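Spelled out from the first residue to the last, the chains are:
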Amino acid sequence: MKVIEVVAAIIHDEEGRIFATQRGYGPMKDGWEFPGGKMESGETPEEALKREIWEELETRIEVEQLFETIDYDYPDFHLTMHCYICKVESGELTLKEHEAARWLTKEQLSSIDWLPADRSIIRRLTECEHVR
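## Considerations on helix α2 (residues 116–126)
So, step 1. All of the buried residues in α2 are Ala117, Asp118, Ile121, Ile122 and Leu125. Looking straight down α2, one finds its buried side chains confined to an arc of 150°; they lie on one side.
So, step 2. For α2, the elements touching its buried residues are β1 (2–11), β2 (18–23), β3 (32–33), β5 (59–73) and β6 (77–91).

## Regarding the confidence of the model for the chain
So, step 1. Scored by pLDDT, the chain comes out at a mean of 93, with 96% of its residues at no less than 70.
So, step 2. Of all secondary-structure elements in the chain, the lowest mean pLDDT belongs to α2, at 88, while helix α1 (residues 45–57) reaches the highest, 97.

## Comments concerning the sheet that holds strand β4 (residues 36–38)
So, step 1. Strand order in the open sheet made by the 4 strands is β4-β1-β6-β5, with mixed pairing throughout. Two strands in the sheet have a free side with no partner beyond their single neighbour: β4 and β5. Each strand axis lies, on average, 20° off the axis of its neighbour in the sheet, ignoring direction.
So, step 2. Across 3 bridges, the pairing between β1 and β4 is antiparallel. Each residue of the ladder has a partner; that of alanine 8, found in β4, is glycine 36.

## Things to note about the packing of aromatic side chains
The relative placement of two aromatic rings is captured by the distance of their centres and the angle of their planes.
So, step 1. This model, assessed by the stated rule, comprises 4 aromatic pairs.
So, step 2. Taking NZ or CZ as reference, arginine 60 lies 3.9 Å from the ring centre of tryptophan 54, over its face.
So, step 3. Directly above the aromatic system of phenylalanine 67 lies the positively charged group of arginine 124, at a separation of 4.3 Å from the ring centroid.

## Focus: the pattern of salt bridges
So, step 1. By the definition in use, this model includes 14 salt bridges.
So, step 2. Where lysine 29 meets aspartate 30, a salt bridge forms, and the shortest distance between an N and an O atom there is 3.3 Å.
So, step 3. A residue is classified by how much of its surface remains accessible, and lysine 29, at 41% relative accessible area, is partly exposed.
So, step 4. Glutamate 43 is the partner of arginine 51 in a salt bridge, and the nearest nitrogen-oxygen pair spans 2.6 Å. Summarising the burial analysis for this pair, arginine 51 and glutamate 43 share the class buried.

Scoring rules and cut-offs
- Residues numbered from 1 in each chain as written.
- Predicted model: local features only at pLDDT ≥ 70, side-chain atom pairs only at ≥ 80, totals over all residues.
- Heavy atoms only, no water.
- Buried < 20%, exposed > 50% of the residue type's maximum accessible area, 1.4 Å probe, protein only.
- Helix = DSSP H or I, 4+ residues; strand = E, 2+ residues; numbered from the N terminus.
- Arc of directions from axis to C-beta.
- Contact = heavy atoms within 4.5 Å.
- pLDDT = per-residue confidence, 0-100.
- Pairing = 2+ DSSP bridges.
- Axes fitted to C-alpha atoms, helices over the stretch in contact; angles between N-to-C directions.
- Phe/Tyr/Trp six-rings, centres within 6.5 Å; stacked < 30°, edge-to-face > 60°.
- Lys NZ or Arg CZ within 6 Å of the ring centre and 35° of its normal.
- Salt bridge = Lys/Arg side-chain N within 4 Å of Asp/Glu carboxyl O.

Right, dumping it as structure tokens:
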């Protein structure tokens, strides 16, 4: 089975809300996810995350800490996703690849249709102090 390793940003704001994006392409189009993407050769996860968020959202982020690493088996591949708590340093979170985005409170996290791998961290995230 093919193995894909990615990084994902759990971006929070000063109010404790979490930024979610809706995929605009590929076989999982329309599913909601934490923004991020594949690591390139020689990159640290933090470098990859900063690059991906700049490419996808034209935003500079501060990577605060590793939240959780998820391993998830999709039908065609195995995903390892390193999820980091982040905050916006500068920029306006401009959607370049996604079709929609939302800021969600803790109570709203389960109100959208998350992709399966992302779903697996929602329960733990609702218990996190970064989310209100």
